Amino acid sequence: MILSEIPNIKHTSANNFFLLCGPCAIEGEEMALRIAEKVITITDKLAIPYIFKGSFKKANRSRIDSFTGIGDEKALKILRKVSETFNVPTVTDIHEVSDAAKAAEYVDVLQIPAFLVRQTDLVVAAAKTGKVVNLKKGQFMSPAAMKHAVQKVKDAGSNKAWITDRGTMFGYQDMIVDFRGIPEMREFAPTVLDVTHSLQQPNQTVGVTGGRPEMIETIARAGVVNNVDGLFIETHFDPANAKSDGANMLHLDKLESLLSNLVAIRKTINSL
């Protein structure tokens, strides 16, 4: 998959990592446009290829009273408005076979959640839309096992697959990123590091996932040093009051400093 094939993506000749970034969930139009505008300003300044991320719904919640979305069509229309307003590609995750064709009408990249990456019908449905399919590595899977998920996309007639590592669960309430997996998975497809989800602390007794956002730059730096193709970062201007994953999101005010440091590291790595 060639990055420049994605509609409206910019800075593809900058020899930089690409970035999937935005809020965990679409909470409303104003918040989505506000976050997108800020991230686009930063990525244009730093010449980072950028895809706006926002979930149109959240299906894998611990509790039934957790926020799941503002309505599928409403959220998807907001993603389309972000794309049309700022001339930027978008990505959202899907959870059922019927979501694939529906979401593909609005976004440029379809993401398969980590819990669902072995669901053959879902992966095949996403591939058949012709969109890029971003396969989140299951917390329960080895890097080597992701070659089978990529092969499903290929067997469905598409060569547009990415892999995203979001850590592996070695304990009940924590994730660990094994950076040996990045070069291994890059043999199968372009590989993204999901920095913020890798710092989740799931399975809390209260039913709300915790996180360690203070470690975001540590994980992101290690990914760039190890030649990851892209980074995935969830951000919000008010993480404490975000409706989903606030505990591990990066505050929007800290994004420019982080990305500036990562671009400097990438330039150094490219020179070696």
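The preceding data block contains the structure.
Attention in this report is confined to the structure presented alongside it. (Residues numbered from 1 in each chain as written. Predicted model: local features only at pLDDT ≥ 70, side-chain atom pairs only at ≥ 80, totals over all residues. Heavy atoms only, no water.)

Focus: the environment of threonine 268
Then, number 1: As for its placement among the helices and strands, threonine 268 is situated in helix α8 (residues 255-271).
Then, number 2: Spatially, the C-alpha atoms of threonine 268 and valine 225 are 9.0 Å apart, while their sequence positions differ by 43 residues.
Then, number 3: In this structure the side chain of threonine 268 is engaged in a polar contact, spanning 3.1 Å, whose partner is the backbone oxygen of alanine 264. (Helix = DSSP H or I, 4+ residues; strand = E, 2+ residues; numbered from the N terminus. Polar contact = N/O pair within 3.5 Å; in protein donor to acceptor, adjacent residues only side chain to side chain.)

Thoughts on the packing of aromatic side chains
Then, number 1: Scanning all chains against the criterion turns up one aromatic pair.
Then, number 2: Ring centres 4.7 Å apart and planes at 35° place the aromatic pair phenylalanine 18 and tryptophan 162 in the tilted group. A residue pair is termed long-range when its members are at least 10 positions apart, and phenylalanine 18 in strand β1 (residues 18-22) and tryptophan 162 in strand β6 (residues 161-165) qualify at 144 residues.
Then, number 3: The buried category is assigned to phenylalanine 18, whose relative accessible area is 6%.
Then, number 4: Across the ring face of phenylalanine 237, the terminal group of arginine 34 is positioned such that the distance to the ring centre comes to 3.7 Å.
Then, number 5: Positioned above the aromatic ring of phenylalanine 232 is the side chain of lysine 136, whose terminal nitrogen or guanidinium carbon lies 4.7 Å from the ring centre. (Phe/Tyr/Trp six-rings, centres within 6.5 Å; stacked < 30°, edge-to-face > 60°. Buried < 20%, exposed > 50% of the residue type's maximum accessible area, 1.4 Å probe, protein only. Lys NZ or Arg CZ within 6 Å of the ring centre and 35° of its normal.)

Points about the layout of surface pockets
Then, number 1: In this structure, the second largest pocket encloses a volume near 250 Å³.
Then, number 2: Here the lining of the second largest pocket is composed, by residue class, of six nonpolar, five polar and three charged. (1 Å grid on protein atoms, 1.4 Å probe; cavity = no way out; pocket = protein on both sides within 12 Å on 5 of 7 lines; lining within 4 Å. Points joined across faces, edges and corners; volume = space filled by probe spheres on them. Nonpolar A, V, L, I, M, F, W, Y, C, P; charged D, E, K, R; others polar.)

Overview of unusual backbone geometry
Then, number 1: If you check the backbone angles, asparagine 8 has positive phi at about 70° while not being a glycine.
Then, number 2: Along the chain, asparagine 8 turns up in the segment before β1.
Then, number 3: The backbone phi angle of alanine 47 is positive, close to 55°, even though this residue is not glycine.
Then, number 4: Mapped onto the secondary structure, alanine 47 falls in the loop between α1 (29-46) and β2 (50-53).

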